[in-house]
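Fold and contact review
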Amino acid sequence: MSAPTVPAAPAAPEVTPGPPRLAAADMAARLTAPFARGADRLPLVVRGTAVAPYDFQLHTAQFGVTPRPLYILQARQDVPAGTTVTLGVRGGPALSLPLADGLTAGTSVPLPDGTGILTGIQSGLAGPQEDWWRLTAFLGTMGRLLWAVGWERDHLRRQLTRTVAQRSVAHAYGAHLDRNGAGLGVVRAPGETDDAYRRRLTVARRWTLPTPAGLTAALNDAVGPLDGVADPLVLDDTDAELRRGLLPLRVAPLDLPPGQSVDLLGTIGTDLPRPPVEEVFHPGLLVALSPHAAESRPLPGTPDPLLVQSVVSAAIARLNLFASRSVVHAGYDPTAADARATGRAVLLSHDTIPASRIGALAHWSGFDLVTHRPDGLVYAECAPGELLGMETGDGTLPVDGTTTLSVRPLTPPPGSLVRWYLLRGGAGRGEFVGPAEGASVDFRGKAAGRIVVVAELRLAGLTASATRELVIRPVTVADNTAIGADGTLDPDPPSPMPPGEGLHPAFLVRHDDPAHAEYGTDAETHRMRREVAEHLDGLIALVPPATTGKLVVRRDLSATASPLAKEARELRLSHPGLPPGTLGALAHRAGFSYVRVAGGVVTVSQEHQDPVRVTAPGLFRDILPIGTTVPLTVTPSPAEIGAAGVLGWSTGDGAAALLTTAPGTMSVRGEHGGPAWVQAAYRVGDKTGPYQLTVRLRPELTGHTLPPATRSLIIQLLDDLRPLGVEVVTRLLPGGNP
């Protein structure tokens, strides 16, 4: 008797993963019960071209209110440009939603407010509509807000995926595909489509290109054994260590001609885009200009006193650094046709500086749009920022110290309520002394570290907030206790550098301040990492002037010293006039990454930082005027490094250019407005640089001299076989010329 046949289990249907959930849905899922009504949502079911019947009775029964839904249409896959979605609406005309630019997978658009019950969906796209679309109804105000906040996240998430995919020939398109081809040396033919070009690139990627191993094998096959050593040649493309220093720059115009405007990035023109407008505004949150920053001279018919938003007040304060006592002729004017209507712009001039120069300086100061008007005045506008300002002094206070925090304006609008909150994201701790309400509060620091303070003003339907970070510094560090830069107690010390990547001694600096420090008898104690020396200077500056004695600086130079001490990143400190705990607190305040107090000694160490510094001594606040050339300084200098490293310069972002203005002098020139950077890098050791190969004999052939004919053969083969753009270094081959 045969065994009964067991029917096979049905195959699981293939499930195509949908796009990421709406960011709004993710955020709504994390809200607590009090927000449930406002964040309630109803996913709709799409089948073919129909929307399954639904209603909002559950929401009404649960919360006692009839919802006013906002429908969100989300794309499950990339939707081509020019698509129009038609939605059937119960009891009314169909809704047509044109998508001129299409939609990328995961992104969404809202349907018009007040749309009724949906019954169907058509788009002309092939296949069931549920493969293309997802519909969600947000039933409360909180859901609407979450969608508005999360839309950018959904969009950026998809754009990030698309950007990463451009590295692949299979997914790149347009100009991105051309860049893939440029790397292979394959140029797109005129009129060639992406698909045809992609096929050619796929074939090109299968070509066998020169590699170090292939070059080595070819050379050794041609040369043959030398002195009985097979494969006598070695090719090495290991890059040398680079020690870098970076100088960020901002290239900006020196003057702004009449009739011209300049935006925040330095673009000059006559019809530049305006900054976005604010979503909410209240004139009661404007502040009066400080007479110390600018002189108020209102134009006839302009409201007086001159009031502005806090972002404008801050920009004028920065302008005061470049041109003290500028003149402000107009601020908040509700009848103005520009951003002065909400206090985000001013009209400027100066009694001694031409308007074209003041316009450029306003751009330097951070105004987002500056225009040199035909009447000779300068219009300067800021993008929307915090409506509410906050005064925090210098933003620091000691543990158990108290400071007063206040909002700007100090007298909020009548009927408003100001509440204060603390956000704890690290080791810092604090508390409000007294009620956490009102225009000002007292704040006490409780534990060292950073803490965020938020002031929130509510007035009818308006909510405005200001956020600031406070630094609470310790007064003392307990014995046998360590503290990190962020205030964390007993953290792990900084990590030593990986084996073989230690800093060359030529990059150490000598710290010598005999008036305030003594270093013992070993001269090596003076030598330390640059970042350690800079923080040591900061510590010396913090020691009270009346303190008796000098700072005692020691560096463990014994064979059993810690790895950080051997790397010159760790010091042992004491002071005859200061308790160890007090000295440890000052060292923490000076910025050392790690401070430990134990046995009367303060041990400080520092995280690894690039040991090279690049500066442009002729610049103020790293602003490089267009057309201006300034010399650059690198520390340590090539003379100090000597044979330990080879200096190279580079720049990027296109707004600046490097040029040599004198032997051994490198300068930078501003070409056009925008951000830029300059980098100085020392190549350390005898390794090659980028795009270089070194060819040499094996160690077994040390002392061997190549015959001229053999060396010439090697050079010719390298010239024929080396990859384009790669330099082959042959100075280590004995015999003949490099």
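For the structure itself, consult the block above.
Since this is a predicted model, take the numbers as computed values, not measurements.

**Some words on the pattern of salt bridges**
Going through the model one piece at a time under the given rule, you end up with 25 salt bridges. One salt bridge connects Arg 274 with Glu 381, and the closest N-O pair in it is separated by 2.9 Å. Here Arg 274 is found in the loop between β13 (268-269) and β14 (287-288), whereas its partner Glu 381 is found in strand β20 (residues 378-381), with 107 residues between them in sequence. Overall, Glu 381 belongs to the buried group, its relative accessible area being 1%. Note that Glu 518 is salt-bridged to Arg 554, the shortest N-O span being 3.2 Å. With Glu 518 in strand β31 (residues 517-518) and Arg 554 in strand β33 (residues 551-554), this pair connects stretches of sequence that are 36 residues apart. Residue Glu 518 is classed as partly exposed on the basis of its relative accessible area of 29%. Salt bridges sharing common partners tie together Arg 274, Glu 278, Arg 344 and Glu 381.

**A few points about the layout of surface pockets**
Its boundaries defined by the atoms lining it, the largest pocket holds a volume of some 400 Å³. Taken together, Thr 141, Leu 145, Leu 146, Ala 148, Val 149, Val 277, Glu 278, Glu 279 and Pro 384 make up the lining of the largest pocket. For the lining of the largest pocket, a count of residues per class yields six nonpolar, one polar and two charged. Estimated volume of the second largest pocket: approximately 290 Å³. Contributing elements (two or more residues each) for the lining of the second largest pocket: α2 (36-39) and α4 (141-165). Here the lining of the second largest pocket takes four residues from α4, the largest share from any one element. Taken together, the residues that form the lining of the second largest pocket break down as seven nonpolar, five polar and three charged.

Quick notes on the rules
- Residues numbered from 1 in each chain as written.
- Predicted model: local features only at pLDDT ≥ 70, side-chain atom pairs only at ≥ 80, totals over all residues.
- Heavy atoms only, no water.
- Salt bridge = Lys/Arg side-chain N within 4 Å of Asp/Glu carboxyl O.
- Helix = DSSP H or I, 4+ residues; strand = E, 2+ residues; numbered from the N terminus.
- Buried < 20%, exposed > 50% of the residue type's maximum accessible area, 1.4 Å probe, protein only.
- 1 Å grid on protein atoms, 1.4 Å probe; cavity = no way out; pocket = protein on both sides within 12 Å on 5 of 7 lines; lining within 4 Å.
- Points joined across faces, edges and corners; volume = space filled by probe spheres on them.
- Nonpolar A, V, L, I, M, F, W, Y, C, P; charged D, E, K, R; others polar.

Remember that the coordinates give geometry; whether it matters functionally is a separate question.
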